[in-house]
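Residue-level structure breakdown
Residue-level listing of the chains:
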Amino acid sequence: MATKKMSEKQLADFNAKLEQLGDFWENIVFPNDVSVGPGRNKEILWDKYMSHYIDRASLKGKSVLDIGSNAGGNIVEIAKGQPSRIVGLEANTTFFNQAKFVLDAFGIDADMRQYKISPDKTPQEYAADLGRFDVIFLLGVVYHLNYETNLGILRYIRDNCER
């Protein structure tokens, strides 16, 4: 992605907004070359590891759901595959707000929703809330959930996803 030039004021405003959003866990390098977060860089993760499992090009024209979007790093990488529709779900308010900012900064048209995966929901309720998708990602989420919650969301994925 090409570096996006900003005036000193724009950069100061950008950095002030980052400060308001709090600490990022994900490592994200914005189009203006500002970098945040100590975590994994999703571009490297997708280029070195995820590419063994899914080719971004296979997402072209597909509907994609990213459950547990955190600050949106995976959505940035998913968007490179040019899906027709991207929906991101994040329960944590801080991460949700960060993801909205990240997607805006990258110019990505995605439907970011604050949504909690809950042990009280059935696969049918998830389907009513979320609908069907061609591809569903559940990256880095399973180990945060208990058995019943995982079972419900995995059944939803099985019944409402092509891949």
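This text gives an overview of the structure that appears in the document. (Residues numbered from 1 in each chain as written. Predicted model: local features only at pLDDT ≥ 70, side-chain atom pairs only at ≥ 80, totals over all residues. Heavy atoms only, no water.)

**Points about the overall build of the protein chain**
Per the secondary structure count, the protein chain includes six helices and six strands. For the protein chain, the N- to C-terminal ordering of α and β elements is α-β-β-α-β-α-β-α-β-α-β-α. Whereas a compact globule of 163 residues would reach a radius of gyration of roughly 15 Å, the protein chain reaches 16 Å, a difference of no more than 12%. Each principal axis of the C-alpha atoms in the protein chain carries an extent, and together these give about 50 × 30 × 25 Å. Residues classed as buried in the protein chain amount to 44% of the 163 residues present. For the protein chain, contacts bridging at least 24 residues in sequence account for 59% of all contacts bridging at least 6. Summed over all atoms, the accessible surface of the protein chain reaches about 9100 Å², with 50% contributed by carbon and sulfur. Between the averaged position of the 20 positive side-chain charges in the protein chain and that of its 22 negative side-chain charges there is a distance of 3 Å. (Helix = DSSP H or I, 4+ residues; strand = E, 2+ residues; numbered from the N terminus. Rg over C-alpha atoms; globule rule 2.2 N^0.38 Å. Buried < 20%, exposed > 50% of the residue type's maximum accessible area, 1.4 Å probe, protein only. Contact = heavy atoms within 4.5 Å. Areas by Shrake-Rupley, 256 points an atom, 1.4 Å probe, with all protein chains shown as cover. Lys, Arg positive; Asp, Glu negative; His and termini not counted. Charge placed at Lys NZ, Arg CZ, Asp CG, Glu CD.)

**What about the packing of aromatic side chains?**
In the structure shown here, the tally under the stated rule is eight aromatic pairs. When the centroid spacing of 5.0 Å and the interplanar angle of 85 degrees are considered together, the rings of Phe14 and Phe30 count as edge-to-face. Linking Phe14 in helix α1 (residues 8-21) with Phe30 in the loop between β1 (28-29) and β2 (35-36), this pair joins segments that are 16 residues apart in sequence. Looking at Phe30, the relative accessible area reads 2%, which means it is buried. Here Phe24 and Phe30 contribute two aromatic rings whose centre-to-centre distance is 6.5 Å and whose plane-to-plane angle is 85 degrees, an arrangement assigned as edge-to-face. (Phe/Tyr/Trp six-rings, centres within 6.5 Å; stacked < 30°, edge-to-face > 60°.)

**So, the pairing of strand β3 (residues 63-67)**
With respect to burial, β3 is a largely interior element, five of its five residues being buried. The alternating pattern of β3 places Ser63, Leu65 and Ile67 on one face and Val64 and Asp66 on the opposite face, and all of these are buried. With five bridges joining them, β3 and strand β4 (residues 85-90) adopt parallel strand pairing. Each residue of the ladder has a partner; that of Ser63, found in β4, is Arg85. For the crossover from β3 across helix α3 (residues 73-79) to β4, the handedness is right-handed. As judged from the three bridges shared by β3 and strand β6 (residues 135-137), these two strands associate in the parallel manner. (Pairing = 2+ DSSP bridges. Right-handed = clockwise from strand over helix to strand, strands pointing away.)

**Concerning the pairing of strand β5 (residues 111-114)**
For β4 and β5, the ladder comprises four bridges, and the chain directions are parallel. The residue of β5 that forms the bridge with Leu89 is Arg113. Considered for its hand, the β-α-β crossover made up of β4, helix α4 (residues 93-106) and β5 is right-handed.

**Looking at the environment of Pro38**
Along the polypeptide, Pro38 turns up in the loop between β2 and α2 (42-48). Through-space distance from the C-alpha of Pro38 to that of Asn27 is 5.5 Å; in sequence the pair is eleven residues apart. With near-sequence residues (within four places) excluded, Pro38 lies in contact with Phe24 and Trp25.

**Observations concerning the sheet that holds β6**
Strands sit in the order β5-β4-β3-β6 across an open sheet of four strands; the sheet is parallel. With partners counted over all chains shown, the strands left at the sheet margins are β5 and β6, one partner each. Direction aside, the axes of adjacent strands within the sheet are offset by 15 degrees on average. Docked against the sheet, α4 engages β4 and β5, running at close to 170 degrees with respect to β5. (Axes fitted to C-alpha atoms, helices over the stretch in contact; angles between N-to-C directions.)

**Notes on the pattern of salt bridges**
Two side chains bearing opposite charge may form a pair once their charged atoms approach each other closely. As enumerated under the stated definition, the model contains ten salt bridges in all. One salt bridge connects Asp47 with Arg56, and the closest N-O pair in it is separated by 3.0 Å. A residue is classified by how much of its surface remains accessible, and Arg56, at 19% relative accessible area, is buried. For Asp129, the salt bridge is made with Lys121, and the minimal N-O distance between the two is 3.2 Å. Judged by relative accessible area, Asp129 falls into the partly exposed class, the value being 36%. (Salt bridge = Lys/Arg side-chain N within 4 Å of Asp/Glu carboxyl O.)

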